[in-house]
Amino acid sequence: MNKDAKEGNLMYKFQKITYTYRIYLLLITLILFVILPFVFSNQYFLTIIIKIGVYVCLAMGLNILTGYTGLVSLGHAGFVAIGAYASSILVVRHGFNFFAASLVGMIVAGVIGMILGLPSLRVSGTYLSIITLGFGEIIKMTAMNFTALTNGTLGIKNIPKPGIFGFTLNVTNYGLYYMMLITVILISLFCYLLVKSKTGRALQAIKTDELAATMMGININYYKIIAFVVSAMICAFGGSLYSVLIGYIDPNTFNFDVSTLILSIVILGGMGTLRGMFVGAIILIAFPEVSRFLMEYRFVLYGIILVLMMRFRPQGILGYKSVLPYALSKSVKERVDKLEGNVL
Amino acid sequence: MKKEVMLKIEGIKKSFGGILALDGVSLELNEGEIVSIIGPNGAGKTTVFNILTGVYTLDEGSIIFKGEEIQNKAPIHIVKAGISRTFQNIRLFNDLRVIENVLIGAHLNTKYGFFSAIFRNGKFKEEEDREALRAIELLKAIGLDHRRDEYASNLPYGEQRKLEIARCLATGAKLILLDEPAAGMNPKESAELMEFIKKIRTMGYTVLMIEHDMSVVMNISDKIYVIDHGKPIANGLPEEIAVNEDVIKAYLGGVANA
Amino acid sequence: MIVQQIFNGLALGMGYALIAVGYSLIFGILRLVNFSHGAIYAFGAEMAMIFIGMRFGITAGIVTAMILTGVLGICIDKLALEPLRKKKSKPIASLITTIGISNIITNLLIVFLGSEKRNFNNIFGDGSIKFGNTVLTHTQIMMCLVSLALMLILMFIVYKTKIGLAMRATQQNSKAAAMMGINVDFVIAFTFFLAGVCATIAGALVGGYYQIVYPNMGFMAGLKAFAAAVLGGIGSLPGALLGGLIVGVSESMAATFLGSTYRDAIAFIILIIVLIVKPNGLFGREGIKKV
């Protein structure tokens, strides 16, 4: 047996086992994460875990656009900023509840995402990436210069922790942690359901071949806009979450480095996979925290990761293709079996 | 039996930067026929397809499909009207599975909205199940079902061609445009392809194809159109085209001494 | 006042044009937006400052920096981009690679030199010439002259020399060029070298103009120069020059009439409008979609 076939076999076994016991595995993981704060109640540790969770959300958002639809955005920090600023301003100045405020942030980001999506109907590839980069910078400049709204370069300080039914969610009482956990679960579920549908297939078709997708009757303009809007809204919520975690935002919180960091997570984990976002975020957020040395060189490290991944594993660490059969629903499977029974 | 005219192209002209790529090409196609367009390289055959499917707009002329003018409509409307195509260089969704390729073809027939997908309601299940079943039936009908779970890029060449055609059929289009389906195939494969195209016809589809392989063209076409340098030079039954002097001249260049 | 701003803008625009040339040259040959070009420009400026500071003298210092930066360009191509071409990777892979390289260069500069802004000596002295109300500093005049001379040399190289012919052939069709015996890899490396050299000169000029140099200076300047290249029609040398001048003048106009906070935004607005309305730019050629 040659090496490839053997590896394929191992891969098959691995995927088969994880798929068969997926419900148990998910349950175990969930339980582990639910009890985690009680085992490691260190504040610093929990803050990092929450930060990883936030970046998982951001990566999931960008992944819809870049991983599935193939539109590379270099300005997603802009959407994070919109979400963070909108919710912080509403909470700090207008006394909004955090959840209502972040919903407004998501809607604002969605509308702006739609506007940013418009060029994608005419411009593609690198040019589109540059437009998104310009967008990110324009958002940053707006945050710097529109002082009346954003308090300029001073930023917004003392962003209160979110409350629910009079109960304040912070790191100490684990409230923030559980909010992050629920958010990550909901966003993952949302992405999963979206991807495994007609919409997800259309997005992937656009990624592979726009013309062929058009010829299959896919309204590529509509789906590109959908991808932009969904992606923007997810990242905006991630931004709101980030702002309450750190408690302070200013225009430089959302610079180009953040956009590249989110992109690095998506690429490292595996574009167009959900599992990859977790691995990517854990590696890129947790590692620099481990040592001072890595902290100093973290952006150099992100750069090296991008270069090496493109060279040696462009599909990402977990970017493998499923080797299991295509999952058909139970009723279809029964009918196919019957059909095959009839043929035989 | 009088057959119904399905597609009527009349005097279409198209130029690119002053160069006339198509100069008054006309074509008529009845339901249930297999019609071929032949001509030397660069004659403008693929341009006809591109205009027909809305990739290019035409400068002059008209295209009537099932009694409706469809010239210069956007590709998506053309697919909805019932015309679907393959490409000269295969353009599959390589990273997706065979069945997913077919399901993408069935995009227009899968009728549920964004929120149905998120909430997985009854409508979603009903539509997805119906289309998945139809896709499997289609794959079985064309003999590709044993490849259902494979990734498109892993299929052998001949089967990729078949899959591309299956994807067209899944759109629900009744007129299938095939752009050089036999290109790169050996004689055995093209003989199989011929049978396959005949089979598609029996399934109720009409075929318009561009092809260089004369054994395929002469054997299965009901009618042949010949174009050269964007101009129509002949049309008729295969046996008429085989002895047409203009056609021989266009292909061999010199003066025909037939 | 307006005349003064136009002249300021023109001088600055010349600097942008020199950076834009780098984008254009590389895009012309590889169809790749070299995202690391801004970082290369910053590297060139930093090196120029270091070598001038090491008592090389101005000319020798800048020339050393030019060669070093050119070699850096070649290394980027040989180490990171050429392997991707050989593997026939997707275009997005090269784009992301150049983003990564940009990150590496900029942050290594920060780690070794610090991120603060450092004083760059005015290499052309503080003198100025007055025409009525309009003041032209020696730096501005020299910027225009040096840039123009360099543009002419570049055009001479591209249109009149053997290597220029090879560059243009590779630009048209690299496979055919290779079959004609052109060493395509060498031509590409040479292009990267040229781009690096131009970026260094631009770095020294713009650094001298503002009298500061810092590792992140390449980010904004790179984007503005890219805007200039796109505006002029990416791949075209005269286009890069014209684009650079337009961006420079509109920036200095915006700074005067809209307030200095908008000076950076104007380039992006130009860029986005051009990309949406006329992606081929002023001098670019229209392409026919191939099916």
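Residues numbered from 1 in each chain as written. Chains lettered and ligands numbered in written order. Predicted model: local features only at pLDDT ≥ 70, side-chain atom pairs only at ≥ 80, totals over all residues. Heavy atoms only, no water.

Before going further, it helps to examine the overall build of chain A. Along its length, chain A carries 16 helices and 2 strands. What you see for chain A is a C-alpha radius of gyration of 21 Å, in line with the 20 Å of a compact globule of 344 residues. C-alpha extents for chain A along the principal axes are approximately 75 × 50 × 45 Å. In chain A, which comprises 344 residues, the share counted as buried stands at 55%. Expressed as a percentage of contacts within chain A between residues at least 6 apart in sequence, the contacts between residues at least 24 apart total 76%. Approximately 15,200 Å² of chain A is accessible, and the part contributed by carbon and sulfur atoms is 69%. Looking at chain A, you have 26 positive and 12 negative side-chain charges, and the mean spots of the two groups are 4 Å apart. (Helix = DSSP H or I, 4+ residues; strand = E, 2+ residues; numbered from the N terminus. Rg over C-alpha atoms; globule rule 2.2 N^0.38 Å. Buried < 20%, exposed > 50% of the residue type's maximum accessible area, 1.4 Å probe, protein only. Contact = heavy atoms within 4.5 Å. Areas by Shrake-Rupley, 256 points an atom, 1.4 Å probe, with all protein chains shown as cover. Lys, Arg positive; Asp, Glu negative; His and termini not counted. Charge placed at Lys NZ, Arg CZ, Asp CG, Glu CD.)

All names here are of chain B. Note on placement: I227 falls in strand β9 (residues 223–228). Judged by its relative accessible area of 3%, I227 is buried. Linking I227 and V25, residues 202 residues apart in sequence, is a C-alpha distance of 7.8 Å. With near-sequence residues (within four places) excluded, I227 lies in contact with V25, I37, I38, G39, P40, A43, G44, K45, V48, P232 and I233.

What follows covers the confidence of the model for chain B. In this model, chain B carries an average pLDDT of 89, and 97% of its residues clear a pLDDT of 70 or more. As a predicted assembly, this complex carries a pTM of 0.90 together with an ipTM value of 0.90. (pLDDT = per-residue confidence, 0-100.)

All names here are of chain C. Over its 29 residues, helix α1 (residues 2–30) extends 40 Å from the first C-alpha to the last, a length consistent with the 42 Å expected when each residue adds 1.5 Å. Counting buried positions along α1 gives 24 out of 29 residues, so the element sits mostly inside the fold. Two residues or fewer past α1, R31 is found with a positive phi of approximately 55°. (Expected span 1.5 Å × (residues − 1).)

Turning next to the sheet that holds strand β1 (residues 5–16) of chain B. Sheets are built from strands that pair by backbone hydrogen bonding, the pairs being arranged parallel or antiparallel. Residue and element names in this part refer to chain B. The 4 strands are arranged β2-β1-β4-β5 in an open sheet whose pairing can be described as antiparallel. Each edge of the open sheet is held by one strand with a lone partner, namely β2 (19–30) and β5 (68–69). Sheet topology note: the β1/strand β4 (residues 60–65) ladder contains 5 bridges and is antiparallel. Note that in β4 the partner of E10 across the bridge is S62. (Pairing = 2+ DSSP bridges.)

Backbone geometry at Y174 of chain A places phi at a positive 65°, although glycine is not the residue there. Looking at where Y174 of chain A falls in the secondary structure, it is placed in the loop between β2 (167–168) and α8 (175–195). With relative accessibility at 16%, the residue Y174 of chain A sits in the buried group. Here Q211 of chain C, not a glycine, exhibits a phi torsion of approximately 60°, which is positive. Within the fold, Q211 of chain C resides in the loop between α8 (184–210) and β4 (212–213). A relative accessible area of 30% means that Q211 of chain C is categorised as partly exposed.

Moving on to the interface of chain A and chain B. Between chain A and chain B, the residue contacts involve 39 residues of the former and 45 residues of the latter. Contact with chain B buries area across many residues of chain A, yet R201, M215 and M216 of chain A alone supply 21% of it, more than any other trio. On inspection of chain A and its partner chain B, the count reaches 3 salt bridges. Between E128 of chain B and R201 of chain A there is a salt bridge whose closest N-O contact spans 2.9 Å. For the interface between chain A and chain B, the tally reads 13 residue pairs in polar contact (both at pLDDT 80 or more). Elements that contribute at least two residues to the side of chain A that touches chain B include exactly α8, α9 (198–208), α10 (210–215), α11 (220–246) and α16 (330–343) of chain A. With 7 residues, the single largest contributor to the side of chain A that touches chain B is α9 of chain A. (Buried area = accessible area lost by both parts, 1.4 Å probe. Salt bridge = Lys/Arg side-chain N within 4 Å of Asp/Glu carboxyl O. Polar contact = N/O pair within 3.5 Å; in protein donor to acceptor, adjacent residues only side chain to side chain.)

Moving on, we get to the sheet that holds strand β7 (residues 175–179) of chain B. Residues and elements named next belong to chain B. An order of β6-β7-β8-β3-β9-β10 is seen for the 6 strands of this open sheet, with the pairing classed as mixed. One side of each edge strand has no neighbouring strand; the edge strands of this open sheet are β6 (83–85) and β10 (231–236). Between one strand and the next, the sheet's axes are offset by a mean angle of 20°, whatever the strand orientation. Where β7 and strand β8 (residues 206–210) come together, 5 bridges link them in parallel fashion. Bridged to L175 within β8 is T206. Taken strand by strand, helix α1 (residues 45–52) contacts β3 (34–38), β6, β7, β8 and β9, and its axis lies near 140° from that of β8. (Axes fitted to C-alpha atoms, helices over the stretch in contact; angles between N-to-C directions.)

Let's shift gears to the domain arrangement of chain B. All names here are of chain B. Splitting chain B by domain gives domain 1 (1–82 + 173–258) and domain 2 (93–171). Of note, the centres of domain 1 and domain 2, computed from C-alpha atoms alone, are 27 Å apart. Contacts between the two partners involve 16 residues from domain 1, matched on the other side by 12 residues from domain 2. Buried surface at the junction of domain 1 and domain 2, summed over both partners, amounts to about 1,300 Å²; 74% is from carbon and sulfur atoms. Of all residues in domain 1, A173, F196 and M203 bury the most surface against domain 2, accounting for 33% of the area lost on that side. Scanning the region where domain 1 abuts domain 2 turns up 0 salt bridges. At the surface where domain 1 touches domain 2, the tally comes to 5 residue pairs in polar contact (both at pLDDT 80 or more). The set of elements that each furnish at least two residues to the side of domain 1 that touches domain 2 consists of α2 (75–81), β7 and α7 (187–202). (Domains from an automatic or database assignment.)

On to the pattern of salt bridges, then. This model, assessed by the stated rule, comprises 34 salt bridges over all chains. Residues D145 of chain B and R148 of chain B are paired through a salt bridge, measuring 3.1 Å at the closest nitrogen-oxygen approach. Like R148 of chain B, D145 of chain B is buried. We note a salt bridge from K86 of chain C to D185 of chain C, for which the minimum N-O separation is 3.1 Å. With K86 of chain C in helix α3 (residues 58–86) and D185 of chain C in helix α8, the pair connects residues that are 99 residues apart, well separated along the chain. The exposure class assigned to D185 of chain C is partly exposed, which follows from its relative accessible area of 24%. Ionic contacts of the salt-bridge type, sharing partners, join the residues K13, D23, E60 and K231 of chain B into one network.

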